[in-house]
Amino acid sequence: MDGLASPGSQEKEATVATLLTDGLAMLEQAGIDNAAQETVWLLEAALASAHLVLRLNPHRAVSSGEQARALDLLARRANREPLQYLLGTQEFCGLDFEVTPAVLIPRPETELLLDEVVRCLPSGRAATVVDVGTGSGCLAVALAKAMPSVSVYALDCSEAAMEVAGRNIERHRVGDRVHRRQGDLFAALDQLELKANVHVVMSNPPYISDADWAGLQPEVRLFEPRNALSGGPDGIAVHRRLLESAHEFLVPGGLLVMEVGQGQAEAVCEHARRQGRYGNIRIRQDAGGIDRVVCAELSTNAK
Ligand code: GLN
């Protein structure tokens, strides 16, 4: 840390420019790929100023409070805390979502899952959708925004996640059509009159296998909620449970759509086939050519 500004080093007056230089050095030294851009984003947050304002006023002195805030954020990022938790937001489907360490940070590939749901639901017709493991609520909220005739039950076992989802539902003003329920998997639906009444069950379940856990980036492994990531020994334990219970809630012909990890799609399809209740079992690939989403329709003659 020699030569870098720190709360104790008073030898030079901190300005926007010195914070930019020092911040960049801290993040580069920590091996952060996008260090220049991330430094700017963190300073924007710490100084509550837009990037251009910072660029236009490089010699503006920063107060000791601003400096402390900036150095705290930079040090936490250098320690691999995800940028999104430090800034408190992540964009998903063009919408801004609050994120905290209680929820998984929404990923761009998850938009494919929503694309499949929107493709399958007739537009303008009322439909009931269940989002299992809603986390931040990104899928439930984005679907409700895209399809005004749809109602969504957003389920999660984590109380802390439910609170974040609640704030995102409020932020995007879809509280009339997105209903939160806390409980394991479908447990919270048992009291509702939803058996055989759901048109789509969508889920981005945890799918990291035990073997892949140690290889995750530190941002993910050390900071994102483990119960939102860890999918048991082979990574598809929750997919199996979904396939084994979604049929109780789906209408005949209803759709189960699940995100899967790389290399898992075939095993999930095989488990779907083994249930004997689903037809039109298919896989969709993401922009990187990876099998990413598995869809299965409840057969019309299934019980
Ligand atoms: N549904 C949320 C998402 O897709 C959370 C998923 C999870 O926690 N596994 O980001």
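Our subject is the structure listed above.
Report follows, based on the coordinates. Bear in mind the structure is a predicted one, so any value in this text is a computation, not a measurement. (Residues numbered from 1 in each chain as written. Predicted model: local features only at pLDDT ≥ 70, side-chain atom pairs only at ≥ 80, totals over all residues. Heavy atoms only, no water.)

## Some thoughts on the environment of Leu-155
Along the chain, Leu-155 falls in strand E4 (residues 150-156). Taking C-alpha positions, Leu-155 is 23 Å from Gln-84, a pair spaced 71 residues apart along the chain. Among all residues touching Leu-155, those that are not within four sequence positions of it are Val-130, Asp-131, Val-132, Gly-133, Thr-134, Met-162, Arg-181, Leu-185, Phe-186 and Leu-189. (Helix = DSSP H or I, 4+ residues; strand = E, 2+ residues; numbered from the N terminus. Contact = heavy atoms within 4.5 Å.)

## Things to note about the site of the ligand
Around the ligand lies a shell formed by Leu-104, Pro-106, Thr-110, Gly-133, Thr-134, Gly-135, Cys-138, Leu-139, Asn-204 and Ala-228. Here Thr-134 contributes a backbone N or O atom positioned 3.3 Å from a nitrogen atom of the ligand. In the environment of the ligand, a nitrogen atom lies 2.8 Å from a nitrogen or oxygen atom belonging to the backbone of Asn-204. Its residues assigned to classes, the shell around the ligand comprises five nonpolar, five polar and no charged. (Near = heavy atom within 4 Å. Polar contact = N/O pair within 3.5 Å; in protein donor to acceptor, adjacent residues only side chain to side chain. Nonpolar A, V, L, I, M, F, W, Y, C, P; charged D, E, K, R; others polar.)

## Some words on the nonpolar core
If you look at the biggest cluster of nonpolar residues, it comprises 30 residues, and the most contacted ones within it are Leu-143 and Met-202. Breaking this core down by element, the ones donating at least two residues are strand E2 (95-98), helix H6 (111-120), strand E3 (127-132), helix H7 (138-146), E4, strand E6 (198-203), strand E7 (250-259) and strand E9 (291-298). Ranked by the residues each element gives to this core, the list is headed by H7, at seven residues. Sequence-distant contacts of Met-202, that is, excluding residues within four places in its chain, are made with Leu-113, Leu-114, Val-117, Val-129, Val-130, Asp-131, Val-132, Leu-139, Ala-140, Leu-143, Val-152 and Val-257. With 28 residues, the next largest nonpolar core counts Leu-155, Val-198, Leu-243 and Tyr-278 among its residues. (Core = buried A, V, L, I, M, F, W, Y, C linked by side-chain atoms within 4.5 Å. Buried < 20%, exposed > 50% of the residue type's maximum accessible area, 1.4 Å probe, protein only.)

## What to know about the pattern of salt bridges
Under the criterion given, the structure shown has 22 salt bridges. Taking the shortest distance from any N to any O, the salt bridge between Asp-96 and Arg-171 comes out at 3.4 Å. Remark: Arg-171 occurs in helix H8 (residues 159-171) and Asp-96 occurs in strand E2; sequence separation between them is 75 residues. A relative accessible area of 39% means that Arg-171 is categorised as partly exposed. (Salt bridge = Lys/Arg side-chain N within 4 Å of Asp/Glu carboxyl O.)

## Things to note about the environment of Arg-80
Of note, Arg-80 is situated in the loop between helix H4 (64-78) and helix H5 (83-87). Assessed through its relative accessible area of 22%, Arg-80 is described here as partly exposed. A sequence separation of 53 residues divides Arg-80 from Leu-27, and the C-alpha atoms of the two residues are 9.4 Å apart. Discounting chain neighbours no more than four positions away, the residues touching Arg-80 are Ala-30, Gly-31, Ile-32, Pro-218, Glu-219 and Phe-223.

## So, the sheet that holds E6
The strand order across the open sheet built from seven strands is E5-E4-E3-E6-E7-E9-E8, with neighbouring strands paired in mixed fashion. A strand with exactly one partner marks an edge of an open sheet, and here the two such strands are strand E5 (178-182) and strand E8 (278-285). Direction aside, the axes of adjacent strands within the sheet are offset by 15 degrees on average. Both E3 and E6 contribute to a ladder of four bridges, which runs parallel. Bridge pairing in E6 links Val-130 to Val-201. Packing of H6 onto the sheet brings it into contact with E6, E7, E8 and E9, and relative to E8 it is tilted by some 135 degrees. (Pairing = 2+ DSSP bridges. Axes fitted to C-alpha atoms, helices over the stretch in contact; angles between N-to-C directions.)

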